[in-house]
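Commentary on secondary and tertiary structure
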Amino acid sequence: MDTEAVGFEEYAASRWPRLVRTAYLLTGDHHEAEDVVQATFAKVFRNWPRISRLHEPDAYVHRALVNNNLSRHRRRRVRQLLVPVLPERAHAAGSGHRDVEERSVLVQALAQLPQRQRAVVVLRYWEDMSEQQVAEVLGCSLGNVKSQASRGLAKLRTHPALAPYAAGTGSTTDGTDGGNR
């Protein structure tokens, strides 16, 4: 096996978990997320010698991931419904049912956002990218990222399934933190 293929394999293996998590937040389905990441890696592999020399190969791969998801969404012939709760899974020791419930509620709320807003919110707040990085990944202006993020967060704040979480995160009317220290 040539050294470029080995370099790509190491890169793909190290980035796989994070990219699948990002794709899951974009698609709302674990299997589709894996498919999107796999398709992205297949495209990236073809041009790996060039991509690996870029200053920010991760930014390129994130952009390819988002574009693949948007393309998948456009060409999908049969629309699939996202279920409001995740299927039952075996839980690792120490992980609570509440964590699964919270993730399910979040994925349900994200599914209600338009694709671009969803991509901006996921990249900005779950991938912890700067606004400039998100703009580069999505190939849009900084102002577009800011407005999409603002609109997306506003929709998430008003989503009925997230209302209990939104109510518990604010400060009290007297300006204190409600005793949370």
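All residue numbers refer to position in the chain's written sequence, counted from 1. Selection of residues for local features in this predicted model requires a pLDDT of at least 70, selection of side-chain atom pairs for listing and counting requires 80 or more, and totals for whole chains, interfaces and linings are taken over all residues. Neither water nor hydrogens contribute to the side-chain values; these are computed over all heavy atoms in the structure.

Nonpolar cores were defined as sets of buried Ala, Val, Leu, Ile, Met, Phe, Trp, Tyr and Cys residues, with membership established by side-chain atoms within 4.5 Å. Any residue under 20% of the maximum accessible area for its type is buried, any over 50% is exposed, and the rest in between are partly exposed; the area is computed with a 1.4 Å probe on protein chains only. Formed by 41 residues in total, the largest nonpolar core has its most connected members in Phe41, Val66, Leu110 and Leu138. Contributions of two or more residues to this core are made by helix H1 (3-27), helix H2 (30-46), helix H3 (48-51), helix H4 (57-75), helix H5 (97-111), helix H6 (115-126), helix H7 (131-138) and helix H8 (142-158). Beyond its immediate sequence surroundings of up to four residues, Val66 is in contact with Leu26, Ala119, Leu123, Val137 and Leu138. Where helices and strands are cited, they refer to DSSP runs of H or I of at least four residues and of E of at least two residues respectively, numbered from the N terminus. Residue contacts are defined here by distance: any two heavy atoms, one from each residue, within 4.5 Å place the two residues in contact.

The subject of this paragraph is the pattern of salt bridges. One speaks of a salt bridge when a side-chain nitrogen belonging to Lys or Arg is within 4 Å of a carboxyl oxygen belonging to Asp or Glu. In the structure shown here, the tally under the stated rule is 3 salt bridges. Residues Asp58 and Arg15 are paired through a salt bridge, measuring 3.0 Å at the closest nitrogen-oxygen approach. Of the two residues, Asp58 sits in helix H4 while Arg15 sits in helix H1, which places them 43 residues apart along the sequence. Look at Asp58 and you get partly exposed, because its relative accessible area is 28%. Glu127 is the salt-bridge partner of Arg18, the closest N and O atoms lying 2.4 Å from each other. Linking Arg18 in helix H1 with Glu127 in the loop between H6 and H7, this pair joins segments that are 109 residues apart in sequence. Among the residues examined, Glu127 registers a relative accessible area of 1% and is labelled buried.

Looking now at the environment of Glu34. Inspection of the secondary structure assignment puts Glu34 in helix H2. On the basis of relative accessibility, which here comes to 28%, the residue Glu34 falls in the partly exposed class. The spatial distance from the C-alpha of Glu34 to the C-alpha of Val20 is 5.8 Å, given a sequence separation of 14 residues. In contact with Glu34, other than residues within four places in its own chain, are Trp16 and Val20.

Looking now at the packing of aromatic side chains. Ring pairs are drawn from Phe, Tyr and Trp, using the six-membered ring of Trp, whenever the two centres fall within 6.5 Å, and their geometry is named by plane angle: stacked under 30 degrees, edge-to-face over 60, tilted for the rest. Per the counting criterion, the structure on display carries 5 aromatic pairs. Ring centres of Phe8 and Phe41 lie 5.8 Å apart, and the angle between their planes is 90°; on these two criteria the pair is classed as edge-to-face. With Phe8 in helix H1 and Phe41 in helix H2, this residue pair connects regions lying 33 residues apart in the sequence. Residue class for Phe8 comes out buried when judged on its relative accessible area of 9%. Relative to Trp48, the ring of Tyr11 lies with its centre 4.8 Å away and its plane at 40°, an arrangement referred to as tilted. With Tyr11 in helix H1 and Trp48 in helix H3, the pair connects residues that are 37 residues apart, well separated along the chain. Assigned by exposure class, Tyr11 and Trp48 land together as buried. Here a set of aromatic residues connected by ring pairs shows up, and it is made of Phe8, Tyr11, Trp16, Phe41, Phe45 and Trp48. A positively charged side chain is recorded as over a ring if its NZ (Lys) or CZ (Arg) lies within 6 Å of the ring centre. The angle to the ring normal must also be within 35 degrees. Over the aromatic face of Tyr125 sits the side chain of Arg124, whose NZ or CZ is 5.4 Å from the ring centroid.

The next subject is the packing of H7 against H8. The description of two packed helices rests on the angle between their axes and on the distance between the axes. Here the axes come from fitting lines to C-alpha atoms, over the contacting stretch only for helices, and the angles between their N-to-C directions go from 0 to 180 degrees. As a packed pair, H7 and H8 sit with axes 8 Å apart at the nearest point and diverge in direction by 105°. Compared by their axis directions, H7 and H8 come out roughly perpendicular. For the pair H7 and H8, the contacting residues are Glu131, Gln132, Val134 and Ala135 in the first and Leu142, Val145 and Lys146 in the second. When the residues that make up the contact of H7 with H8 are grouped by side-chain class, the tally is 4 nonpolar, 1 polar and 2 charged. Between 65 and 115 degrees an angle is taken as roughly perpendicular, under 35 as roughly parallel, over 145 as roughly antiparallel, and anywhere else as oblique. Note on residue categories: nonpolar means Ala, Val, Leu, Ile, Met, Phe, Trp, Tyr, Cys or Pro, charged means Asp, Glu, Lys or Arg, and polar means any other residue, Gly included.

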